[in-house]
Amino acid sequence: MDVFLDLDGTLTDNRLGIVRSVRHALSEMGAETPPEEALLSWIGPPLQTSFLEHFRDQVRAGHAVTLYRARYREIGLFENAVYPGVPRMMDTLRAAGHRLWLATSKPHVFARRIVAHFDLEPRLDGVFGAELDGTRGDKTDLLTHAKGQTGAETGVMVGDRRYDMVGAHNTGLTAIGALWGYGSRGELRDAGADCLAASASDLPDIIKELVP
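Along each chain, numbering runs from 1 in the same order as the chain's sequence is written. The predicted nature of this model means local features are confined to residues of pLDDT at least 70 and side-chain atom pairs, given and counted, to a pLDDT of 80 or more, with totals for whole chains, interfaces and linings taken over all residues. Heavy atoms from the whole structure form the basis of all side-chain values; hydrogens and water molecules are not counted.

**Let's talk about helix α3 (residues 58–72)**
Alright, step 1. Starting at the N terminus, helices and strands are each numbered in turn, a helix being any DSSP run of H or I of at least four residues and a strand any DSSP run of E of at least two. What a helix should span is 1.5 Å times the count of its residues minus one. Between its first and last C-alpha, α3 extends 21 Å over 15 residues, near the 21 Å set by a 1.5 Å rise per residue.
Alright, step 2. All buried positions along α3 are accounted for by A61, A64, V65, L67, Y68, R69, R71 and Y72.
Alright, step 3. Buried positions along α3 lie against α1 (15–28), α2 (47–55), β4 (99–107) and α5 (108–117).
Alright, step 4. N or O atoms closer than or at 3.5 Å make up a polar contact, with two conditions inside protein: a donor-capable atom paired with an acceptor-capable one, and, for residues adjacent in sequence, both atoms drawn from side chains. Taking the backbone nitrogen of V59 as reference, a side-chain oxygen 3.1 Å away marks D57 as the first, capping residue of α3. Type-normalised accessible area, obtained with a 1.4 Å probe on protein chains alone, sets the label of each residue: buried when under 20%, exposed when over 50%, and partly exposed for intermediate values. Residue contacts are counted whenever heavy atoms from the two residues lie within 4.5 Å of one another.

See the structure below:
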């Protein structure tokens, strides 16, 4: 089976890197900088979408993305930690014969550095992410592209936000919600999660039950 895995909030906890880089961008632009807790909803959606919703102005949102990335590529990438049980979960799934693909709305140039740094890259069959201009930042577009590149006809998408669940259903994948991330049980259920996993260590058994 093909298993598509989200990155932020699913394989790694990049809360500090994302939130501090967002606050840096807002501060540099002279905008109000909310406390870290208030920016947790920014973890998961495409960055361009979040800044555009904040500023309601395409030019200012684009400038904020540039400021964010200037800090993120040097510092924020590694203000990060792998969730407990993730490496073992990935090893177990690969040993069972599943193909593992990273499917993240984060630009793939950043995603590749992160999975390499945390020794997750050897556990993946490939990495799919957005382009820096926002292309394939939408999870449906990303998964459509990933399925086309991998030849996957069926499979599962594992993620912690509603975007992952919606993208899964729009592309014919089973949607598994990761409760250890930043989306609530209600958010995932409302978005159509087919099942929920309480921890990374639960995933192999859940996926085993889905195999015909």
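That shown, we press on.
**Considerations on the nonpolar core**
Alright, step 1. Nonpolar core, defined: a set of buried Ala, Val, Leu, Ile, Met, Phe, Trp, Tyr and Cys residues in which side-chain atoms within 4.5 Å join the residues together. Counting residues in each nonpolar core, the largest one holds 50 residues, and the members touching the most others are L11, F51, M90 and I176.
Alright, step 2. For this core, the leading source of residues is α3, giving six residues.
Alright, step 3. The residues touching F51, leaving out its near neighbours within four places in the chain, are V22, A25, L26, W42, R56, A61, A64, V65 and Y68.

**What to know about the pattern of salt bridges**
Alright, step 1. We define a salt bridge as a side-chain nitrogen of Lys or Arg found within 4 Å of a carboxyl oxygen belonging to Asp or Glu. For the coordinates displayed, the defined rule picks out 13 salt bridges.
Alright, step 2. Across the pair R123 and D91 runs a salt bridge whose closest N-O atoms are separated by 2.8 Å. Highlighted residues: R123 in the loop between α5 and β5 (126–130) and D91 in helix α4 (residues 86–95), separated in sequence by 32 residues.
Alright, step 3. Judged by its relative accessible area of 36%, D91 is partly exposed.
Alright, step 4. Between E187 and R161 there is a salt bridge, with the nearest N and O atoms lying 2.9 Å from each other. Of the two residues, E187 sits in helix α8 (residues 185–190) while R161 sits in the loop between β6 (156–159) and α7 (162–170), which places them 26 residues apart along the sequence.
Alright, step 5. Look at E187 and you get buried, because its relative accessible area is 18%.
Alright, step 6. Judged by its relative accessible area of 8%, R161 falls in the buried class.

**Notes on empty space enclosed by the protein**
Alright, step 1. The method works on a 1 Å grid over the protein atoms by themselves. A cavity is a set of points holding a 1.4 Å probe that cannot get out, a pocket is an open set with protein on both sides within 12 Å along at least five of seven lines, and residues with an atom within 4 Å of a point line them. Grid points are joined across faces, edges and corners, and a volume is the space filled by probe spheres set on the points. Applying the stated criterion to the full structure yields two cavities of 30 Å³ or more.
Alright, step 2. Space inside the largest cavity adds up to approximately 240 Å³.
Alright, step 3. Lining the largest cavity are 22 residues, with D8, P45, L47, S105 and K106 sitting closest to its centre.
Alright, step 4. When residues of the lining of the largest cavity are traced back to their parent elements, those giving at least two are α1, α2, α3 and β4.
Alright, step 5. Tallied by class, residues from the lining of the largest cavity come to twelve nonpolar, five polar and five charged. Basically, the charged four are Asp, Glu, Lys and Arg, the nonpolar ten are Ala, Val, Leu, Ile, Met, Phe, Trp, Tyr, Cys and Pro, and anything else, Gly included, counts as polar.

By themselves, these observations are geometric and do not establish any function.
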